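Tertiary structure, described
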Amino acid sequence: MSTPRRFLKHPLRKLLLLTSVLVAPSVAAAQQADPATQTPPEVDSTVTEAEAPPPEGADDEVVVLGRFIPEPMRQTSEVMSFLSAEDLARQGDDTAAAALTRLTGLSVVGGRFIYVRGLGDRYSSALLNGSPLPSPEPLRRTVPLDLFPSNILENVSVQKTFSPNYPGEFGGGIIDMTTLKQPSEPFLTLKGTIGANTESTGKRGLFYYGENSDWTTISDGLRDVPQPLQAALNRGVRIVNTDDPRTGFTDVELEAIGESFVNSPLTVLQSGRIDPDFEIEASAGTTYEKNGVTLGLVAVAGYDSQWRVRNAQRQLVNGNALNEDFETDITTWDVVANTLGSLSVGWGGHEIALTGLLVRSSTKQAQVDFGTDVNVDSTLVTRGRTESTAWYERQLASLQLSGAHEFGNLEIDWRGAFAQSTRDAPYEREVTYLVGADNVPRYGRSSDNQTGFSELTDEVVSGGIDGAYTLALSEQRDAVFSAGYAYANTVRNYELLRFTFRGFPRSNELDVNDARVDFLFSPDNIDPDRFEITDNTGFDDQYKGQLLVNAAYVGADVEVLPLVRAAVGVRYEEATQTVRTGNYFNAPPNAPAVRLQNEYYLPAVTLTWNFAEDLQLRLGYSQTIARPQFRELSASRYTDPETSRTYTGNPFLVDSELQNYDARLEYYFGRNQFVTVGGFYKQIEKPIEEIAGVTPEGLVTNFINAPEATLYGAELEYRTRFEMPFPVPFLADAEWLFAANYTYTFSEVDGSGTVVDPFDFQTSAASRFGLDGSQLQGTPEHIVNMQFGYETEKSQATVLFGFVDERIARRGLGSLPRVMEAPGINVDLVYKRDFTVQGANFTFGVSGRNLTNENHEEFSVSKGVGGFGRSEVNTYDRGSSFSLSLTSNF
């Protein structure tokens, strides 16, 4: 076991430098969701006991400030942002990922992963009711937030300054989602939505038959590994052609295995009109009270179906030469089904809750790539057509038991949870045809096909206990002393199988090459003289990863002076992370086993000073870490179906260490009205960045520990409610809302020193990778969000505007240019109106998304003499989406 790391140096000096941002005229500021939604409105509009004038004879030095500061912001010392149930309803976002993009400094990548302050998802964590979650995504250990429908959430908080009660993997922030538990009154809500996308709905798209049960997200068995193949795998011998059963298989056995593969239903592409989107939701809850015991029940279920067509341009430039130029047509059918159940029991100052969550999602994908590839023909004359089909079945299940207890001044919270994510990808198939001058696709090369089976299981067993004791220092001041323990054991298993029908028809049977794919690889053509199944599974195509974390913390939140609070604490975290690759045929893997074992003491200090009426200042310093993810450490190959990029890992990656400095000034000048101004500074030792390089196997993306990076910026938010100074027809009683936030982030990577080359694992100069002076991957310079709308007793309308600047999506090694992503501008409109029919309450909703029809753009720019200029790496039209919804409330 290693020696505990030393505290990083000079925190006070840099904290003082950061606070100078607050007095500069060009400051910008941090986000806070509508604070009034966190407490009942009457709390904000009246003087609370803490705000009331002191009684006669009280200490004359007692000063009472903060009449408009909402309770959550008065109680916490951290820099936080909130999304309440009211915020989620106003914004009309379907998932947690979409809703969180409205907060200052947050952006979403791929519609799924949240970046806080421009730092990638590796620097953020997601919790559900305080418990960690596994991920069904092979490339990430963090769970994609598009899996969480907004209808199951009571609120979401994003904490941007570290506190020791949270996990030490904390860079940009931590996202804590709280599910519905104990309703204040019984309710039953039913909702139906129908939608359309201008680039997809009613247009022609690609699809394949699949199975009758595909709409359920569950395969009915057709896609299971064929029994002859499973029997061969169980022998633990590589599936290759030999006459010795100890080392391989005979011609007869290989023919039986190849003929067992499901063919036509999973390979034949068709074209047809794309159906509209639709979604149904149901939620219900009630509360029973008897003899001082309160029982709360909540149940939520939902189903969402969405088709999308993407016509993408994909180019690859290497050394100022165009290596690949493809038009890619992709049609995906995404289905998400979810259910949540919660049972809570409360009595006195105690509550115990049992929460179960099940989310299933499936993606049915059909794809055609048509274009030229220098790897096929160096003259870029020969065109290729690749047809692909895939099915991705994901599941996230979580069961949590938690409790909260009050014993006078002592509060104890505890939790225990088991969560499992799975991802099954059977029959990922592709076949490539060459297209000659006659425009006829022909199967022209041996082994130009592939069938893959992959499976991932990620499990987390976690638990924790937190205790807090409140000690009164005087009638007006108190101190809260806290301590806790947390345990998390994450185990991930991944397996990939790859097969090819190797061979070619006889010279007198070349007409077979013109056949449709299901005829081409029909049982009649599978024999040693035509096509024979061959195993392409690599020596490192399986891996098992484990991350075991034990942590303990102590802290104190003390009102050291009237209206001055100090939160001080330290978290001790001991972690062991292992990754070991292998294969089903029990051959020695090529990659070495990985074992990272570290201990950290992670301090955190935050000061909050309410120095003027409704005005408070927060200053914070902390140390945190970011660990490599399992996929980044594993040498297993993986191809991302969304981008067609191939990834492999670097077993020599190490943890990143961060120093974090924060400052924020908050002014609450009325109920629901505030402005916040803040700054942040982060120093990251050994940040992990993606590097793409050309290898004998093609373009491969790997990972590298850059020597160091610096990130600093400023955040600004303003929110107000007001009445229009002039009459607006039909909206005389409307209350208007305007909110805006802006985040500026500057990031720079220090490329001096040496690194471990991710391709040959040798020590190399960092300058070779073009890191010095560049931005951190995924970090945009500017993020802007605005909301403008009104609310009446019966209706509500909001226009939402968002802008995210360009950011680095992937770095290129040598002659490969880096790839940039340009999220651009996004404009949404949400309208809702309540009405009553025969005593029943309904809500009609209309929404429009991406009204400016902003494209998805990933591109690279080759500069210099003879530079190719801009090339489109993955660019397509997203289209605008519109939906109509009807909600009934009982």
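Keep in mind the model is a prediction, meaning the values are calculated, not measured. (Residues numbered from 1 in each chain as written. Predicted model: local features only at pLDDT ≥ 70, side-chain atom pairs only at ≥ 80, totals over all residues. Heavy atoms only, no water.)

1. Some thoughts on the pattern of salt bridges
In this structure the tally under the stated criterion is 33 salt bridges. A salt bridge links Arg492 to Asp458; its shortest N-O distance comes to 3.0 Å. Placement of Arg492 in strand β19 (residues 478-503) and of Asp458 in strand β18 (residues 449-472) is noted, with a sequence separation of 34 residues between them. Residue Arg492 shares its accessibility class with Asp458, and that shared class is buried. Across the pair Arg849 and Asp828 runs a salt bridge, and its minimum N-O distance is 3.3 Å. Linking Arg849 in strand β40 (residues 840-849) with Asp828 in strand β39 (residues 824-837), this pair joins segments that are 21 residues apart in sequence. Accessibility classification places Arg849 together with Asp828 in one group, the buried group. Here the residues in one salt-bridge network are Glu169, Arg571, Glu573 and Arg627, joined through shared partners. (Salt bridge = Lys/Arg side-chain N within 4 Å of Asp/Glu carboxyl O. Helix = DSSP H or I, 4+ residues; strand = E, 2+ residues; numbered from the N terminus. Buried < 20%, exposed > 50% of the residue type's maximum accessible area, 1.4 Å probe, protein only.)

2. A short note on the environment of Arg385
Along the polypeptide, Arg385 turns up in strand β15 (residues 383-407). For Arg385, a relative accessible area of 26% translates into the label partly exposed. Once the C-alpha coordinates of Arg385 and Leu434 are considered, the two residues, 49 residues apart in sequence, prove to be 6.2 Å apart. Setting aside chain neighbours within four positions, we find Arg385 in contact with Val368, Asp369, Phe370, Val431, Thr432, Tyr433, Val435 and Pro441. One polar contact links Arg385 to Glu387, side chain to side chain, over a distance of 3.1 Å. (Contact = heavy atoms within 4.5 Å. Polar contact = N/O pair within 3.5 Å; in protein donor to acceptor, adjacent residues only side chain to side chain.)

3. As for the pairing of strand β35 (residues 782-791)
When strand β32 (residues 735-750) meets β35, the two strands line up antiparallel, connected through 10 bridges. For Glu735, the partnering residue across the bridge sits in β35 and is Glu791. Judged from the 9 bridges that link them, β35 and strand β36 (residues 795-804) form a sheet pairing that is antiparallel. Across the sheet, residue Tyr790 finds its bridge partner in β36, namely Ala797. (Pairing = 2+ DSSP bridges.)

4. A look at the packing of aromatic side chains
Applying the stated criterion to the full structure yields 30 aromatic pairs. Between Tyr572 and Tyr601, the aromatic rings sit 5.2 Å apart at their centres with planes inclined by 45°, giving tilted as the arrangement. Taken together, the positions of Tyr572 in strand β22 (residues 564-582) and Tyr601 in strand β23 (residues 594-612) put the pair 29 residues apart, joining distant regions of the chain. For the pair Phe835 and Phe842, a centre-to-centre distance of 5.6 Å together with 15° between the ring planes defines the contact as stacked. By way of ring pairs, the aromatic residues Phe261, Tyr427, Tyr443, Phe453, Phe499, Phe501, Phe521 and Phe531 are connected into one cluster. Looking at Arg310, its charged tip hangs above the ring of Tyr876, at a distance of 5.0 Å from the centre. (Phe/Tyr/Trp six-rings, centres within 6.5 Å; stacked < 30°, edge-to-face > 60°. Lys NZ or Arg CZ within 6 Å of the ring centre and 35° of its normal.)

5. Looking at the environment of Leu358
When you line up the elements, Leu358 lands in strand β14 (residues 350-373). For Leu358, a relative accessible area of 33% gives the class partly exposed. What Leu358 contacts, discounting residues up to four positions off in sequence, is Ala337, Asn338, Thr339, Gln395, Leu396 and Ala397.

6. Side note on the confidence of the model for the chain
Per-residue confidence for the chain gives a mean pLDDT of 85; residues scoring 70 or more make up 88%. The low-confidence segment residues 1-64, where pLDDT is below 50, has 144 contacts with residues more than four positions distant or belonging to other chains. (pLDDT = per-residue confidence, 0-100.)

7. Some remarks on the pairing of strand β28 (residues 673-685)
Judged by how many residues are buried, β28 sits mostly within the fold: 10 of 13 residues are covered. Summarising the sheet, strand β27 (residues 656-670) and β28 pair through 13 bridges and their orientation is antiparallel. Bridge pairing in β28 places Asn660 opposite Lys682. Hairpin connection of β27 to β28: 2 residues between the antiparallel strands, including Asn672 at a positive phi of 65°. Note that β28 and strand β31 (residues 708-722) share 12 bridges and pair antiparallel.

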